[in-house]
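# Structure assessment
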Amino acid sequence: MAKLILSMDNLVLKEIPLNKERTTLGRKADNDIQIDNLAVSGEHAVIVSILNDSFLEDLNSTNGTFVNGQQIKKHFLQNNDVIELGKYRLKYINEAPQHAAQADFEKTMVLRPDMLRKSADPFAAKPPVEVAPSVAPPPTAVPAAAPQTPLGAVQILTGSNTGRQLELTKSLTTLGRPGIQVAVIARRPIGYFLTHVEGARYPLVNDVVIHTQAHELKDHDVIELAGVKMEFFLKG
């Protein structure tokens, strides 16, 4: 399990396990990691942990969030990264293998017309399927691999992009409007999961608030995010 080591002036204060999908950092007492210092905003940053991966996002803090001396807005955390909040340091420790999801997260996919494609015409003609003659398998045939999660997609139901759809081909797909409401859909071996990342309001699934925990999406679930409704479905 990944963890953070909190220190100030090279003095270790405590270790914090990242055992929640969403860990908030800030000066207010209701944060998961409270840092009572005027240089830290009330709601300063959040860490979203999905499987072995953790992602840090600054929540429009006054003084900014820094990782290894560089100011960030969103950052894919790697072992031994040092998060800086004012005079405090949080060293990220994760020795477990991480997924190659950095590019997916940093290349944030927001719902914009140029990043969506029109739905395929369901009545379009399809090429004929050729059926090969059946052949008995050899006695030493290798068992078939376990089925993978079917490809998922979302189709926009409201707004100017109504009728368009977005395939969920990446490990993480970020949806929403930065500064208003943002969530990620994670593609895992066991299915697709929606997690809230940013915004005062949480996304809705079938008109029910999902709160802070990852929510497993089912075929034809209706998601409401940043004022836009979309339908999640499996393509095959």
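First, a word on scope: everything that follows refers to the structure included in this document. (Residues numbered from 1 in each chain as written. Predicted model: local features only at pLDDT ≥ 70, side-chain atom pairs only at ≥ 80, totals over all residues. Heavy atoms only, no water.)

For the rest of this paragraph, the subject is the sheet that holds strand 3 (residues 22-26). By way of backbone hydrogen bonds, the strands of a sheet pair with one another, either parallel or antiparallel. With mixed pairing, five strands are arranged side by side in an open sheet as 4-3-5-6-9. Edge positions in the open sheet fall to strand 4 (33-34) and strand 9 (74-76), since each of these has one partner strand only. (Pairing = 2+ DSSP bridges. Helix = DSSP H or I, 4+ residues; strand = E, 2+ residues; numbered from the N terminus.)

This next bit is on the sheet that holds strand 16 (residues 181-188). Spatially, 15-16-17-20 is the arrangement adopted by the four strands of the open sheet, whose pairing is antiparallel. Both edges of this open sheet fall to strand 15 (172-177) and strand 20 (215-216), since each of them pairs with a single strand only. Of the pairings in the sheet, the one linking strand 15 to strand 16 comprises six bridges and is antiparallel in character. Considered in strand 16, the bridge of Gly176 is made with Val182.

Let us now look at the pattern of salt bridges. Overall, the coordinates contain six salt bridges when judged by the stated rule. The salt bridge involving Glu167 is made with Lys235; its shortest N-O contact spans 2.8 Å. Of this pair, Glu167 sits in strand 14 (residues 164-168) while Lys235 sits in the segment after strand 22 (228-234), and the two are 68 residues apart along the sequence. Relative accessible area serves as the criterion here: at 38%, Lys235 is assigned to the partly exposed category. (Salt bridge = Lys/Arg side-chain N within 4 Å of Asp/Glu carboxyl O. Buried < 20%, exposed > 50% of the residue type's maximum accessible area, 1.4 Å probe, protein only.)

Further remarks concern the nonpolar core. Soluble globular proteins: nonpolar side chains tend toward being buried together. Leu4, Ile35, Ile47, Leu56, Ile83 and Leu90 are the most contacted members of the largest nonpolar core, which has 20 residues in total. In terms of residues, this core owes the most to one element, strand 11 (residues 88-93), which gives three residues. Membership of the second largest hydrophobic core comes to 18 residues, among which are Ile156, Val205, Ile223 and Ala226. (Core = buried A, V, L, I, M, F, W, Y, C linked by side-chain atoms within 4.5 Å.)

A word on the environment of Asn206. Along the polypeptide, Asn206 turns up in the loop between strand 18 (204-205) and strand 19 (208-209). Look at Asn206 and you get partly exposed, because its relative accessible area is 40%. Taking the C-alpha atoms as reference, Asn206 lies 9.5 Å from Glu231; in sequence the two are 25 residues apart. Discounting chain neighbours no more than four positions away, the residues touching Asn206 are His220, Asp221 and Val222. Side-chain polar atoms of Asn206 contact the side chain of Asp221, separated by 2.9 Å. (Contact = heavy atoms within 4.5 Å. Polar contact = N/O pair within 3.5 Å; in protein donor to acceptor, adjacent residues only side chain to side chain.)

This part is about the pairing of strand 5 (residues 45-50). Of all the six residues making up strand 5, six are buried; the element is thus mostly covered by neighbouring parts of the structure. Residues Ala45, Ile47 and Ser49 line one face of strand 5 and the alternating positions Val46, Val48 and Ile50 line the opposite face, and both faces are buried. The pairing of strand 3 with strand 5 spans four bridges and is classified as antiparallel. By the bridge assignment for strand 5, Arg22 is matched with Val48. With antiparallel pairing between neighbouring strands as the criterion, strand 5 and strand 6 (residues 53-58) make up a hairpin whose turn holds two residues, including Leu51 at a positive phi of roughly 55 degrees.

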